[in-house]
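Now for the letters of each chain:
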Amino acid sequence: RNTEIDMSKAVVVSKHGKSFEKLFNLKYPSEMPLVDKLKEYEKLYDEGGIISRAIDSYVHVAVANGYQIIDSETGQRFTDNAKITEELDERINFHECFEKMFRSCLIYGFCWGEIDHDGKKINRLIFLSPTEIGMERERDGTITKFSQIRKGKLVAEWSGNKLDNI
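Residues numbered from 1 in each chain as written. Predicted model: local features only at pLDDT ≥ 70, side-chain atom pairs only at ≥ 80, totals over all residues. Heavy atoms only, no water.

Section: the overall build of the chain
Phase 1: Along its length, the chain carries 5 helices and 5 strands.
Phase 2: Taken from N to C terminus, the helices and strands of the chain fall in the order α-α-α-α-α-β-β-β-β-β.
Phase 3: For the chain, the proportion of its 166 residues judged to be buried stands at 20%.
Phase 4: Partitioning the contacts of the chain with sequence separation of at least 6, the portion at a separation of at least 24 is 31%.
Phase 5: Summing over all exposed atoms, the chain offers an accessible surface of approximately 13000 Å²; the carbon and sulfur share of this is 51%. (Helix = DSSP H or I, 4+ residues; strand = E, 2+ residues; numbered from the N terminus. Buried < 20%, exposed > 50% of the residue type's maximum accessible area, 1.4 Å probe, protein only. Contact = heavy atoms within 4.5 Å. Areas by Shrake-Rupley, 256 points an atom, 1.4 Å probe, with all protein chains shown as cover.)

Details of helix α3 (residues 49-63)
Phase 1: Its 15 residues give α3 an end-to-end C-alpha distance of 22 Å, which sits within 8% of 21 Å, the value for a rise of 1.5 Å per residue.
Phase 2: Every buried residue of α3 is listed here: Ser52, Ile55, Val59 and Val63. The arc enclosing the buried residues of α3, seen along the axis, measures out at 65°, which places them on a common side. The exposed residues of α3 that point more than 90 degrees off its buried face are Ile50, Arg53, Tyr58, His60 and Val61.
Phase 3: Buried residues belonging to α3 abut α2 (34-46) and α5 (94-108). (Expected span 1.5 Å × (residues − 1). Arc of directions from axis to C-beta.)

Digging into the side chain of serine 52
Phase 1: Secondary-structure assignment places serine 52 in helix α3.
Phase 2: Judged by relative accessible area, serine 52 falls into the buried class, the value being 8%.
Phase 3: Polar contacts involving the side chain of serine 52 include one to the main-chain carbonyl oxygen of glycine 48, which spans 3.5 Å. (Polar contact = N/O pair within 3.5 Å; in protein donor to acceptor, adjacent residues only side chain to side chain.)

Below you can see the structure in the form of structure tokens.
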């Protein structure tokens with residue numbers, strides 16, 4: 001088998017980002033508002049093709065072998081903490097949650113979730129669309145506020161001490 005590659009007809013491309021320019025009609029990703037970028041990423045995934053197949057394959061491989069619940073304090077599997085976590089797993093289905101989190105991170109670069117609870121127990125995890133979350137930052141990149149906007153209306157806002165839980 002010949003492993004040498006004939007480079008005599010190779011072409012050097014001087015402009016990086018040409019595919020981005022063709023896709024979005026912009027030279028650099030930073031020119032596009034974040035929400036618009038996220039909607040474009042979502043559209044590329046939803047259209048199917050190689051991008052969505054690659055993401056779905058990666059997610060499948062990441063969760064295919066399952067997981068074990070181990071108490072982080074003791075390193076053991078069969079402790080009271082592990083039993084509580086297994087009960088939670090039965091209610092909210094960690095496997096499905098992991099798939100949604102990994103997929104969101106691969107499409108958008110991050111994942112937003114909300115814990116639905118009644119004060120005593122967690123009932124479910126709600127995954128929020130990254131296209132609905134806005135961020136305000138300082139010049140140094142420090143996030144100062146998150147806003148959740150749905151259908152043009154402010155649903156929730158987090159700033160100050162509330163950011164400590166995010």
